[in-house]
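As a plain string of letters, each chain reads:
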Amino acid sequence: MAQFSISNTRIAGISAALPKRAVSNRDLKGLSAQEIELLITTTGIENRRLADETTCASDLCLAAAEKLLSELNWNKEEIDVLIFVTQTPDFQVPGNSMLLQQKLELPTSCLAFDINQGCAGYVYGLSVISGLMSSSGMKKGLLLVGDTITKIIDKEDNSTTPIFSDAGSATAIEFSNDAKPMHFNLQTDGAKHDAITVEKGGARNPSKEDAYMTMHGHDIFAFGLKEVAPNIHALLEFCHTNKDRIDYFVFHQANRLLNESIRKKVGVDPEKVPTTIAKFGNTSCATIPVTIVSEIAERIKTKESQLVLSGFGVGLSWGSAMVNLDEIVCPELIEM
Amino acid sequence: MNKSYSEFNSLIKSLLDPNFTADYERVDTWTSMQTLIVVSAIDEHYDVVIAYEELKACSSVKELYERVVSKVV
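Computed from a predicted model, the values in this text were never measured in an experiment.

## Describing the side chain of threonine 197 of chain A
Residue and element names in this part refer to chain A.
- The residue threonine 197 is located in strand β10 (residues 196-197) in this model.
- When its relative accessible area of 13% is taken as the criterion, threonine 197 is described as buried.
- In contact with threonine 197, not counting residues within four places along its chain, are Tyr212, Met213 and Thr214.

## A short note on the sheet that holds strand β1 (residues 3-6) of chain A
Residues and elements named next belong to chain A.
- Read from one edge to the other, the open sheet built from five strands follows the order β1-β9-β14-β13-β12, with strand pairing classed as mixed. Whereas interior strands pair on both sides, the edge strands pair on one side only; in this sheet they are β1 and β12 (248-251). Here the strands of the sheet are splayed against their neighbours by 20° on average, with no regard to which way each runs.
- Bridge count between β1 and strand β9 (residues 182-188): four bridges; the pairing is antiparallel. Bridge assignment links phenylalanine 4 to a residue of β9, and that residue is phenylalanine 184.
- Contacts from helix α6 (residues 256-266) reach β12 and β13 (305-313) within the one sheet, and its direction differs from that of β12 by about 145°.
- Contacts between helix α8 (residues 287-295) and the sheet are confined to β12 and β13, with β13 contributing the most and set at about 145° to the helix.

## Digging into the pattern of salt bridges
- Overall, the coordinates contain 18 salt bridges over all chains when judged by the stated rule.
- The closest approach of N and O atoms between lysine 192 of chain A and aspartate 189 of chain A, which form a salt bridge, is 3.5 Å.
- Judged by its relative accessible area of 38%, lysine 192 of chain A is partly exposed.
- One salt bridge connects lysine 265 of chain A with aspartate 43 of chain B, and the closest N-O pair in it is separated by 3.0 Å.

## A short note on the pairing of strand β8 (residues 166-175) of chain A
Residue and element names in this part refer to chain A.
- Burial analysis of β8 places nine of its ten residues in the buried class, which makes it a mostly covered element.
- Where strand β2 (residues 9-18) lies against β8, eight bridges are found, and the strand directions are antiparallel. Within β8, the residue paired with isoleucine 11 across the bridge is isoleucine 173.
- Note: strand β7 (residues 140-148) against β8, nine bridges, orientation antiparallel. Paired with leucine 143 across the bridge in β8 is threonine 171.

## Structural notes on the domain arrangement of chain A
Residues and elements named next belong to chain A.
- Partitioning chain A into structural domains gives domain 1 (3-175) and domain 2 (182-329).
- Each of domain 1 and domain 2 has a C-alpha centre, and the two are 14 Å apart.
- Taken together, the contact pairs 56 residues of domain 1 with 54 residues of domain 2.
- Regarding the contact of domain 1 and domain 2, the summed buried area is about 4,400 Å², with carbon and sulfur atoms giving 66% of it.
- Taken as a group, Gln3, Cys119 and Val123 account for 16% of the area that domain 1 buries against domain 2, more than any other trio of residues on that side.
- If you look at where domain 1 meets domain 2, you find zero salt bridges.
- Our enumeration of links across domain 1 and domain 2 arrives at 22 residue pairs in polar contact (both at pLDDT 80 or more).

## A closer look at unusual backbone geometry
All names here are of chain A.
- Note the cis peptide between valine 93 and proline 94, where omega equals 0°.
- Structurally, proline 94 can be placed in the loop between β5 (81-85) and α3 (96-103).
- For the bond from glycine 315 to leucine 316, the omega torsion is -5°, close enough to zero to count as cis.
- Position of leucine 316 among the secondary structure elements: in the loop between β13 and β14 (317-325).
- Of note, the phi angle at glutamate 105 is positive, near 60°, even though the residue is not glycine.
- Residue position: glutamate 105 is located in the loop between α3 and β6 (111-115).
- According to the relative accessible area criterion, glutamate 105 is exposed, its value standing at 59%.

## So, the state of the cysteines
- Evaluated as defined, the whole model comprises zero disulfides over all chains.
- Between cysteine 119 of chain A, a cysteine without a disulfide, and cysteine 285 of chain A, which holds the nearest cysteine sulfur, the sulfur-to-sulfur distance is 7.5 Å.

## Comments concerning the environment of lysine 264 of chain A
Residue and element names in this part refer to chain A.
- Within the secondary structure, lysine 264 sits in helix α6.
- You can call lysine 264 partly exposed: its relative accessible area is 45%.
- Counting along the chain gives 35 residues from lysine 264 to alanine 229, while the straight-line C-alpha distance between them is 9.0 Å.

## A look at the packing of aromatic side chains
- By the definition in use, this model includes five aromatic pairs over all chains.
- Seen in terms of ring centroids, phenylalanine 4 of chain A and phenylalanine 184 of chain A are 5.4 Å apart; in terms of plane orientation they differ by 20°. Their pairing is stacked. Of this pair, phenylalanine 4 of chain A sits in strand β1 while phenylalanine 184 of chain A sits in strand β9; the two residues are 180 residues apart in sequence, bridging distant segments of the chain.
- A residue is classified by how much of its surface remains accessible, and phenylalanine 4 of chain A, at 27% relative accessible area, is partly exposed.
- A relative accessible area of 0% means that phenylalanine 184 of chain A is categorised as buried.
- The interplanar angle of 70° and the centroid separation of 5.5 Å between the aromatic rings of phenylalanine 8 of chain B and tyrosine 46 of chain B together place this pair among those described as edge-to-face. Taken together, the residues span a long stretch of sequence, with phenylalanine 8 of chain B in helix α1 (residues 5-15) and tyrosine 46 of chain B in helix α2 (residues 32-46) at a distance of 38 residues. Considered together, phenylalanine 8 of chain B and tyrosine 46 of chain B belong to a single accessibility category, that of buried residues.
- Above the face of the phenylalanine 175 of chain A ring, lysine 139 of chain A is positioned so that its terminal group lies 5.2 Å from the ring centre.

The rules we used
Residues numbered from 1 in each chain as written. Chains lettered and ligands numbered in written order. Predicted model: local features only at pLDDT ≥ 70, side-chain atom pairs only at ≥ 80, totals over all residues. Heavy atoms only, no water. Helix = DSSP H or I, 4+ residues; strand = E, 2+ residues; numbered from the N terminus. Buried < 20%, exposed > 50% of the residue type's maximum accessible area, 1.4 Å probe, protein only. Contact = heavy atoms within 4.5 Å. Pairing = 2+ DSSP bridges. Axes fitted to C-alpha atoms, helices over the stretch in contact; angles between N-to-C directions. Salt bridge = Lys/Arg side-chain N within 4 Å of Asp/Glu carboxyl O. Domains from an automatic or database assignment. Buried area = accessible area lost by both parts, 1.4 Å probe. Polar contact = N/O pair within 3.5 Å; in protein donor to acceptor, adjacent residues only side chain to side chain. Disulfide = S-S within 2.5 Å. Phe/Tyr/Trp six-rings, centres within 6.5 Å; stacked < 30°, edge-to-face > 60°. Lys NZ or Arg CZ within 6 Å of the ring centre and 35° of its normal.

Below you can see the structure in the form of structure tokens.
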């Protein structure tokens, strides 16, 4: 069972970047006004952010990282590890982490690798970088999490186009003997891997023609209803705590109907569950840091806060983390 | 489960906009969004998650009710 705690690492800062270009779901083609209204009511998604042709997840994460490092006043020479979580890397090979090691001018002593993960990617990535630093004693690390998922969506597909947006994020992790432990509960069900796939463009089906992401929305919805809340309840039990001691529950921003169902199942008030689904849509693996930066930055910059983070999606993968944020650095959301 | 078919039927009727559904009791007339709304409500009120295949195998609200009843622990 992948329930575990990690000591001696703390989140020092979180930043996020979004494309400036906003589109409204009210302008969707091929749907009637009534259908659009029902779609917006159900998904909660009114506006989305789309990267232009020349902007990739690496560019959004680069901007987020530069801003964060500047505000943290970190010496880049001291960064020991960089992990990039994405499903939309610039190239098949090499990974984005290597590109960003160079673009950020990090030392060649820095360990860098990519993780292919989707909507659970922030929680998974946080567990990997924190565990690595805790066990190795590496002092400073960067977790970059982002996707330009709209680049692998068929614009004619009304099951995915109205849902997804692009974003990038950077999270700074540092070794600290005084850090309160992070706790994780991570799960996988590969038997349902075909619920969200990009079947073409990989080694199995090399053709890149129509290499779009397809999603069985109903299967994902049922999965979210069934698995997410029990995963969070198990995490709280593992931590010997309860929901009343948590300041915020930051869920992956899937859609309003599912997120509201999960919130009710977890049994928390809406005030404790920040959301960005209406204005930014589903930014894939970046929804959790985007929501933190957009909605609760002022609080976490000035007051110690206990957060539960929950990601769920492609894989199927899902997981939750309980983290303590102790007056961290959180720059204003970047729009570029 | 102590909720009757009548209550279940009323719940489903309250969820579905008549502008979209000529005959709300015919499951095959529901739009994709409407099925999500129904699945969510069944989960909330009956603590039962209905898979898409299960829902599509039902032709009527009555059949769906019986499916839900059979899954209640």
